[in-house]
Amino acid sequence: MAAEVAAGEERQARISGRDLVRALMREPMALLAVLFLFCLALAALFADWIAPYDPLMPNIFSGRLPPLSEAKGMTGDIQFHILGTDALGRDMLTRLLYGAQASVSVGVIAVAASGTIGTVLGLIAGYYGGRIETFIMRTVDGVMAVPSLLVALFVLFLIGGGLFNMILIFTFVRWVVYARLARGITLSYRESSFVEAARAIGARDSRIIFRHILPNMISPLLVLATLEVALLILAEAGLSFLGFGLQPPAPSWGLMVARGREYLREAWWMITFPGLAIFLTTLSLNLLANWLRTITDPLQRWRWLI
Amino acid sequence: MAKAASESAAVGEPLFKVENLVKHFEVRDGSLLGGGSKVIRAVDDVSFTLHRGETLGIVGESGCGKSTLARVLLRLVEPTSGKAHLEGENIFDLNKHEMRLRRRRLQIIFQDPFASLNPRMTVAEIVREPWAIFPGEVPRREWHDRVVELLKRVGLNADDAHRHPHQFSGGQRQRIGIARSLALNPEIVICDEPVSALDVSIQAQVINLLEEIQDEFGLSYIFIAHDLSIVRHISDRVAVMYLGKFIELGNWRDIYESPTHPYTQALLSAAPSIDAAERRQRIILEGEVPSPLSPPTGCRFRTRCHRAEDRCASEEPELSLRGGRQLCACHFAAPMPA
Amino acid sequence: MADLTTVSEGEARLVSARDLLRVSNLRVRFQTPHGDVDAVRGISFAVGREETVGILGESGSGKSVSVGAVMGLLDSPPAKIKGEIRYGGLDLVQAPIRETRRIHGDRIAMINQDAVTSLNPGLTVGYQVAELFRVHRPGTSRGDARRKAAELLDRVKIPSARDRLNSYPHEFSGGMSQRVMIAMAIALEPEILIADEPTTALDVTVQAQIMQLLAELREQTGMALILITHDLGVVAESVEKVLVMYAGQIVERGPTAEIIDRPAHPYTAGLLASVPRTEHKDRKLEAIKGAPPVMSAIPPGCAFHPRCGWCRAACRKDAPELTAIEKFRDSACHFATEVYRG
């Protein structure tokens, strides 16, 4: 009976922007995560302006300086390294900021591309059914059946690493998760009364799909996409760490961890800061996803994510 | 002929003529080894004529096929066979594009006022969507005024246009659904259990509204419901459905006051009533409706019928005039003993 | 029973020595993230031995929450229950759970609308019925419990009951599932059976079967019945006494036949008038205007006043008490006598 009452209230819980902010205020962990991600996004976008020094230029005077050190730059000026420097004397903070750029662009662009492709194919499969559905969903099963990191490793080995290739391969292996989700939700809405009502007033398929069904799956897609960004940032770091992703001297968190590993004993900061950046970013994304999931219709939509 | 007699109460000229409509669903057998497929006979050989301005009520219990019938008539589900002539034109012959254009003449009001409105759209967007689909129907600059006009007609306010469905009660949502179905000025509206999800005190409001707009817009209704007293109130003629078939069809008074099919008699007697005078000798049927996957041979009602004889198992009774003024599909059609 | 002095004449009759269950000034409040919601706002009633009482109301009237409180089904929090629910010597609101456990499901049993989901889909029907005896009557042997289960299914007229013991719930139709629920409810021979919309999900012909079954079982066992429903017809045909609820309060009560004949509250009168009848075929139905209030926004004064044709200034300010207008007849309306006289 309490559920009955709650359900009645829940139906009214459509979320406006202001409600969202208010709900965020009540959830300190989610608030911290959002703030962190916001700063990260700013850092990535404006790395060129914020970063104090050049991310690529080595400096023979300042190799492996601990945090809070001062050193002479190549041009003779005095540089302050708040997070220390790496083996080639490059400023850690600068490289972290540019590394954020790489991670965020891999994560966001690949998620946008795979999300769009997967959602559209899932919508088509779910709405039309029949052979189209069989074809799309068997392809999904096929892609799902192969371990995506291994495939990525193999393909990147063949075609070479780099930002663009990574985005390409991530899009190819990850569109399937959106296709599954979108198809499942489409199936549940295809027979719903409001879709029937749209058909009864003469709406074309495209209108029904994009105007009636798609808007109703935005929240679960958003939750999924958030988790996927975290996954891809980890994958980017992992692949770069193994040497198949971004290639030196490009700044990447994964590469920084790989290089820092060699100096684990002498220079702890070289591995700690990029490691921390990866950890905090994925943690924040997961916290955000969890919070989004509870805030957007806790009764209905989350179950498609299982 | 037979038809003429039963349809004497009809209001205007024939508008929508349905002949031998059949809808079978194939379901796969559950077995792993391929198995066969079975057929659900959801609608099985249904014929009737809807006249301009009249209300044809269709009553029956869950699973009798009345909702499938509604969807097939709108071609939301494709029929297996049969014809449906809308003023001489068989709508089942039309291609997808032609059918889309005819949709404005045939509309539907759904049962569930929560599920039938897209939660992401505002009331105005919902009501005017038909005009976005059929440009030229209403010029864009008139949209706002026409939406307000329609909302007022169904008993809502002008400010309601910008709200979302979740901000309304069940009865109000049903009004929004009615406004949407009126937007294209249809001739026929199929009402699929339009009030059964509503509170008792709200049902009467919506029924009254449906009756008012019927006169104003010159609508013909196919009114599907399981509530017998509501169907009696709104219908000119009534069809009783059992396992995909019409088993009795006629003027409302004949169906309600002197039913001749044993199922109609049992159904009417089973409905609880607040009027002591209306309570009849209750006929309690044995068992429940058989599965439409394997309906009984011959007469489909015979397994629960107290009049059943051998003949009922072998010979399927036709829906025809059998002594009364209405059409009845029973070999032993007879009024109830007083 | 000192508080007897404050109750009306109708209630005085209800609160007699024969009473099995007595609910006094029951209030249920739910704490929700959007604020507190009063689902039941002070209701009192009693059920005597072998009595049949109907609770009539629309969605949100608090009828289901009231019996939920009686059955101890409300989790606290979010529910806050105040008042008294007296059964035997026990106040079910205050009593510790180890004591109420002997009452709920045993002395007071309940069936609800959703029989199909009330059964565990993973266990056989026979196991679920037999389990009742093993839980509530420790010491019952497995064989005995099973034999009793078969008898019960037979009593609720499930054909070839013994064979159906091994069936799973999905093999039962809605009507058959409701019969199983009834079998489980009467298994321990309760003194009170609460039926919450027992036939709402069923078809008319099956509804008739179930109501007939309930009537027969009542006759055999003499248990009291509390029937919760929104259906006037069901109330009219199956209970002697009825409480009409609106917005968490009882607005009218009395013998069913008399209320249907001559309602004394505008809401009851409105409900009765809105039912389509043959002789009114060509007339408009007399609908009650507006919609029932949501629990979180109950109008001040008389909760029904925005929808009421009798509404005067007093109704917007003062909530009317449930008072006697005649023997056994109570109404909570400032104009009860006028409504009653028509």
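Residues numbered from 1 in each chain as written. Chains lettered and ligands numbered in written order. Predicted model: local features only at pLDDT ≥ 70, side-chain atom pairs only at ≥ 80, totals over all residues. Heavy atoms only, no water.

1. Looking at the overall build of chain C
Item 1. In terms of helices and strands, chain C carries 14 helices and twelve strands.
Item 2. A compact globule built from 342 residues would reach a C-alpha radius of gyration of about 20 Å, and chain C, at 21 Å, matches this within 12%.
Item 3. Viewed in the frame of its principal axes, chain C has a C-alpha envelope of about 65 × 50 × 45 Å.
Item 4. Of all intrachain contacts in chain C linking residues separated by at least 6 positions in sequence, the fraction that spans at least 24 positions is 65%.
Item 5. Just so you have it, chain C exposes about 14900 Å², and 49% of that area is on carbon and sulfur atoms.
Item 6. Within chain C, one finds 42 positive and 42 negative side-chain charges whose respective centroids are separated by 2 Å. (Helix = DSSP H or I, 4+ residues; strand = E, 2+ residues; numbered from the N terminus. Rg over C-alpha atoms; globule rule 2.2 N^0.38 Å. Contact = heavy atoms within 4.5 Å. Areas by Shrake-Rupley, 256 points an atom, 1.4 Å probe, with all protein chains shown as cover. Lys, Arg positive; Asp, Glu negative; His and termini not counted. Charge placed at Lys NZ, Arg CZ, Asp CG, Glu CD.)

2. Some words on a nonpolar patch on the surface
Residues and elements named next belong to chain A.
Item 1. Where nonpolar side chains cluster on the molecular surface, the patch consists of Phe38, Leu42, Leu45, Phe46, Trp49 and Ile50 and spans about 700 Å² of accessible area.
Item 2. When residues of the nonpolar patch are traced back to their parent elements, those giving at least two are helix 3 (28-45) and helix 4 (47-50).
Item 3. Top element by residues in the nonpolar patch is helix 3. It accounts for three residues.
Item 4. Overall, Trp49 belongs to the exposed group, its relative accessible area being 68%. (Patch = residues over 30% accessible without salt bridge, like charges linked within 9 Å, V, L, I, M, F, W, Y side chains within 5 Å. Salt bridge = Lys/Arg side-chain N within 4 Å of Asp/Glu carboxyl O. Buried < 20%, exposed > 50% of the residue type's maximum accessible area, 1.4 Å probe, protein only.)

3. Examining the nonpolar core
Item 1. Counting 134 residues, the largest nonpolar core has A:Phe170, A:Trp253, B:Ile178, B:Leu210 and B:Phe223 as its most contacted members.
Item 2. When we break this core down by domain, the ones giving at least three residues each are domain 1 (2-28 + 37-235) and domain 2 (262-338) of chain B.
Item 3. In this structure A:Trp253 touches A:Leu40, A:Leu96, A:Gly99, A:Ala100, A:Ser103, A:Ile233, A:Pro274, A:Ala277, A:Ile278 and A:Thr281, once residues within four positions along its chain are discounted. (Core = buried A, V, L, I, M, F, W, Y, C linked by side-chain atoms within 4.5 Å. Domains from an automatic or database assignment.)

4. Some points on the domain arrangement of chain C
Residues and elements named next belong to chain C.
Item 1. Segmentation of chain C into domains returns domain 1 (2-239) and domain 2 (245-341).
Item 2. The centre of domain 1, based on its C-alpha atoms, is set 27 Å off from the matching centre of domain 2.
Item 3. With both chains or domains summed, domain 1 and domain 2 bury close to 2100 Å², and 61% of this area falls on carbon and sulfur atoms.
Item 4. Here domain 1 and domain 2 share zero salt bridges between them.
Item 5. On inspection of domain 1 and its partner domain 2, the count reaches eight residue pairs in polar contact (both at pLDDT 80 or more).
Item 6. Going through the elements one at a time, helix 1 (9-14), strand 2 (35-48), strand 3 (52-56), helix 2 (63-70) and helix 10 (232-238) are the ones with two or more residues in the side of domain 1 that touches domain 2. (Buried area = accessible area lost by both parts, 1.4 Å probe. Polar contact = N/O pair within 3.5 Å; in protein donor to acceptor, adjacent residues only side chain to side chain.)

5. Considering the state of the cysteines
One way to say it: the disulfide is the covalent bond shared by the sulfur atoms of two cysteines.
Item 1. Evaluation of the coordinates by the stated rule reveals zero disulfides over all chains.
Item 2. Cysteine B:Cys299 remains unbridged, with the sulfur of B:Cys312 as its closest cysteine sulfur at 5.8 Å.
Item 3. Residue C:Cys315 stays outside any disulfide, its sulfur separated by 4.8 Å from that of C:Cys311, the closest cysteine.
Item 4. Residue classification places C:Cys315 among the buried positions, given a relative accessible area of 6%. (Disulfide = S-S within 2.5 Å.)

6. Quick notes on the sheet that holds strand 5 (residues 90-91) of chain C
Residue and element names in this part refer to chain C.
Item 1. With respect to topology, four strands assemble into an open sheet ordered 2-1-4-5, the strand pairing being antiparallel. Of all strands in the sheet, those bounded by a partner on one side alone are strand 2 and strand 5.
Item 2. Taken together, the two bridges between strand 4 (residues 79-87) and strand 5 define a ladder with antiparallel strand orientation. Of the residues in strand 5, the one forming a bridge with Tyr87 is Leu90.
Item 3. Seen against the sheet, helix 2 touches strand 1 (19-32), strand 2 and strand 4 and runs at an angle of roughly 115° to strand 1. (Pairing = 2+ DSSP bridges. Axes fitted to C-alpha atoms, helices over the stretch in contact; angles between N-to-C directions.)

7. Observations concerning the interface of chain C and chain B
Item 1. With 40 residues of chain C at the interface, the matching set in chain B holds 38 residues.
Item 2. Overall, the association of chain C and chain B removes approximately 3300 Å² of surface from exposure, summing both partners, and the carbon and sulfur fraction of that is 55%.
Item 3. In this assembly, chain C and chain B are joined by three salt bridges.
Item 4. Between C:Lys284 and B:Glu212 there is a salt bridge, with its nearest N and O atoms 2.7 Å apart.
Item 5. The tally of links between chain C and chain B comes to 22 residue pairs in polar contact (both at pLDDT 80 or more).
Item 6. Among the secondary structure elements, those contributing two or more residues to the side of chain C that touches chain B are helix 8 (174-186), helix 9 (204-221), helix 10 and helix 12 (266-273) of chain C.
Item 7. The element that contributes the greatest number of residues to the side of chain C that touches chain B is helix 9 of chain C, accounting for seven residues.
Item 8. Residue composition of the side of chain C that touches chain B, grouped by class: 17 nonpolar, 14 polar and nine charged. (Nonpolar A, V, L, I, M, F, W, Y, C, P; charged D, E, K, R; others polar.)

8. Here's the deal with the domain arrangement of chain B
All names here are of chain B.
Item 1. As assigned here, chain B comprises domain 1 (2-28 + 37-235) and domain 2 (262-338).
Item 2. One C-alpha centre belongs to domain 1, the other to domain 2; they are set 29 Å apart.
Item 3. With both sides pooled, the region where domain 1 packs onto domain 2 buries about 1200 Å², and carbon together with sulfur makes up 64% of that total.
Item 4. Viewed at the interface, domain 2 and domain 1 are joined by one salt bridge.
Item 5. Where domain 1 meets domain 2, there are three residue pairs in polar contact (both at pLDDT 80 or more).
Item 6. A total of five residues in the side of domain 1 that touches domain 2 trace back to one element, the largest contributor, which is strand 2 (residues 37-51).
Item 7. Residue composition of the side of domain 1 that touches domain 2, grouped by class: seven nonpolar, one polar and five charged.

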